[in-house]
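Analysis of the macromolecular model
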Amino acid sequence: MTERTAWTDLRDQRMAEHGAAEAYEAARLAFELGRTVRQMREARGWSQSELARAAEMTQSAVARFEAGGTVPTLPVLERLARALNADLQVRITPRAPAA
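Let us look at the structure shown here. Computed from a predicted model, the values in this text were never measured in an experiment.

**Focus on the packing of aromatic side chains**
With the rule as written, the count across this model stands at zero aromatic pairs. The ring of Trp46 carries the charged tip of Arg44 above its face, separated from the ring centre by 5.0 Å.

**A few points about the packing of helix α3 (residues 48–55) against helix α5 (residues 74–83)**
Viewed as axis vectors pointing N to C, α3 and α5 meet at an angle of 110°, and their least axial separation amounts to 8 Å. Relative to α5, the element α3 is oriented roughly perpendicular. The hand of the α3/α5 crossing is right-handed. Here Leu51, Ala54 and Ala55 of α3 come into contact with α5, specifically with Arg79, Leu80 and Ala83.

**Quick notes on helix α2 (residues 20–44)**
A turn of α-helix holds 3.6 residues, and therefore any two residues three or four places apart point the same way. Its 25 residues place the ends of α2 36 Å apart at the C-alpha level, agreeing with the 36 Å of an ideal helix rising 1.5 Å per residue. Those residues of α2 lying buried are Ala20, Ala30, Gly34, Val37 and Arg41. Just beyond α2, the residue with positive phi is Gly45, at close to 80°.

**Quick look at the pattern of salt bridges**
Tallied over the entire structure, the rule returns five salt bridges. For Glu25, the salt bridge identified is with Arg28, shortest N-O distance 2.3 Å. Of this pair, Glu25 and Arg28 both sit in helix α2, three residues apart, which is roughly one turn of that helix. Judged by relative accessible area, Glu25 falls into the partly exposed class, the value being 38%. Given a relative accessible area of 30%, Arg28 falls into the partly exposed group. Linking Glu42 and Arg38 is a salt bridge whose minimum nitrogen-to-oxygen distance equals 3.8 Å.

Cut-offs used in this document
- Residues numbered from 1 in each chain as written.
- Predicted model: local features only at pLDDT ≥ 70, side-chain atom pairs only at ≥ 80, totals over all residues.
- Heavy atoms only, no water.
- Phe/Tyr/Trp six-rings, centres within 6.5 Å; stacked < 30°, edge-to-face > 60°.
- Lys NZ or Arg CZ within 6 Å of the ring centre and 35° of its normal.
- Axes fitted to C-alpha atoms, helices over the stretch in contact; angles between N-to-C directions.
- Helix = DSSP H or I, 4+ residues; strand = E, 2+ residues; numbered from the N terminus.
- Parallel < 35°, antiparallel > 145°, perpendicular 65-115°, else oblique.
- Left-handed = near helix turned anticlockwise from the far one by under 90°.
- Contact = heavy atoms within 4.5 Å.
- Expected span 1.5 Å × (residues − 1).
- Buried < 20%, exposed > 50% of the residue type's maximum accessible area, 1.4 Å probe, protein only.
- Salt bridge = Lys/Arg side-chain N within 4 Å of Asp/Glu carboxyl O.

As structure tokens, then:
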């Protein structure tokens, strides 16, 4: 068995565990949110400390958020959006019906 096959098998086993898909989706969302905030911060030329001051957070909280290490609450997202002069939009949209 190749190393890649072993990794794929392990991943498939883990994803089949109860709650794994939900945890993966939460981690993916946290990573994407963090990446977006980091890109916006860098576009302004701000350090993490500058964003933290503007959002009334600590630099370490901003760093964890940008790394995707935390799933943020809506109030935290609102503070970050306000600090970055951005609008926060939370949407739930229907999926296309299954064929």
